[in-house]
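A structural walkthrough
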Amino acid sequence: MTSIPFSVIMPVYKGDRPDHFYEALKSIEDQTLRANEVVIIQDGPVLPEHLEVLEEFKGRMPELNHVILKENQGLSGALNAGVDAARYNWLARMDADDICRKDRFEKQMDYIERHPELHLLGSWIEEYDENMEAFLGVRKLPETHSQILHYARWRCPFNHMTILYRKDTLVKLGKYKNYGAVGDDYELWARFLVNGYQTANVQENLVKARTGMAFFGTRRRGMKYLKNEMREINDLKRLGLINGFQWMIHALVKSVVRLSPSWLVKGVYRMLRKSS
């Protein structure tokens, strides 16, 4: 077992389902390697059911640190608050609706101990529907830093809910930038990569993620989301991760995903998953 201490950071907001939140916390409680600290960032007002879940786990997990943001800050703001509150240098990212495999932290911390040059580590995920009943597939990602750097020029190279990263490096790089509700991590990974910080992905499925079909509906669709993603890919080009041709490919794919009929988006998504 590793002796490296680490914190888990998990934002929760009123839109998260309390039963999913419970399952996510239970998967952290049941780890073969328990975290030294679990930082729950309450992003603005939440439901009474969320608070009931928190109170139950406070009684069972003395390592739980409940951080309250009086107003909703959005994902990037909540994550940055969690980074600031965490007591340890290695931070494990976790969503409030996903489920860790029991040995997730043991596997990843052992990998980090064997590769002290690393600043960021992820893994593969298993994708399920909203109720964790229908298995949808596996999102596999390359292992080594050089493979990840090549992959990142075309696709997001990490599954965000599997990440462990160094707090000192994250702070030095400026933490999370706000790109609205489309996600705030691809550009952050680019900052790790272009600045030469070593990265890797464990070649196992360590988290079960709820992806489902909501991706293809009205949620996260439309011009507002496309504009935010265009800001992000503009920054990928500014950082030097992608060139002009790659920028055009990214812009085309993002436009299809955000503006096209759901049946077309579904086909593109399945094609991309098969090529992972």
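For the structure, see preceding data.
Rules used in this analysis
Residues numbered from 1 in each chain as written. Predicted model: local features only at pLDDT ≥ 70, side-chain atom pairs only at ≥ 80, totals over all residues. Heavy atoms only, no water. Helix = DSSP H or I, 4+ residues; strand = E, 2+ residues; numbered from the N terminus. Buried < 20%, exposed > 50% of the residue type's maximum accessible area, 1.4 Å probe, protein only. Contact = heavy atoms within 4.5 Å. Expected span 1.5 Å × (residues − 1). Polar contact = N/O pair within 3.5 Å; in protein donor to acceptor, adjacent residues only side chain to side chain.

1. Topic: the overall build of the protein chain
A tally of helices and strands in the protein chain yields 10 helices and 9 strands. Taken across its 276 residues, the protein chain has 54% of its residues classed as buried. The contacts in the protein chain between residues at least 6 apart in sequence include a share of 80% that link residues at least 24 apart.

2. Things to note about helix α3 (residues 74-85)
For α3, with 12 residues, the first-to-last C-alpha span of 17 Å sits near the 16 Å given by 1.5 Å per residue. Taken as a whole, α3 has its buried residues at S76, A78, L79, N80, A81, G82 and V83. Against the buried residues of α3 lie β1 (6-12), β2 (37-43), β3 (64-69), β4 (90-93) and α6 (167-172).

3. Observations regarding helix α7 (residues 186-194)
Across the 9 residues of α7, 8 count as buried, placing the element largely inside the fold. Every buried residue belonging to α7 is among Y186, E187, L188, W189, A190, R191, F192 and L193, and all of these are buried. Once α7 finishes, G196 follows within two positions and takes phi at roughly 85°, a positive value.

4. Description of the environment of H145
Tracing the sequence through the fold places H145 in helix α5 (residues 145-152). Sequence separation between H145 and L121 is 24 residues, and the spatial gap between their C-alpha atoms is 9.9 Å. Beyond its immediate stretch of four places on either side in the chain, H145 contacts L193, Y197, Q198 and T199. Engagement of the side chain of H145 in a polar contact is seen with the side chain of T199, the distance being 3.0 Å.

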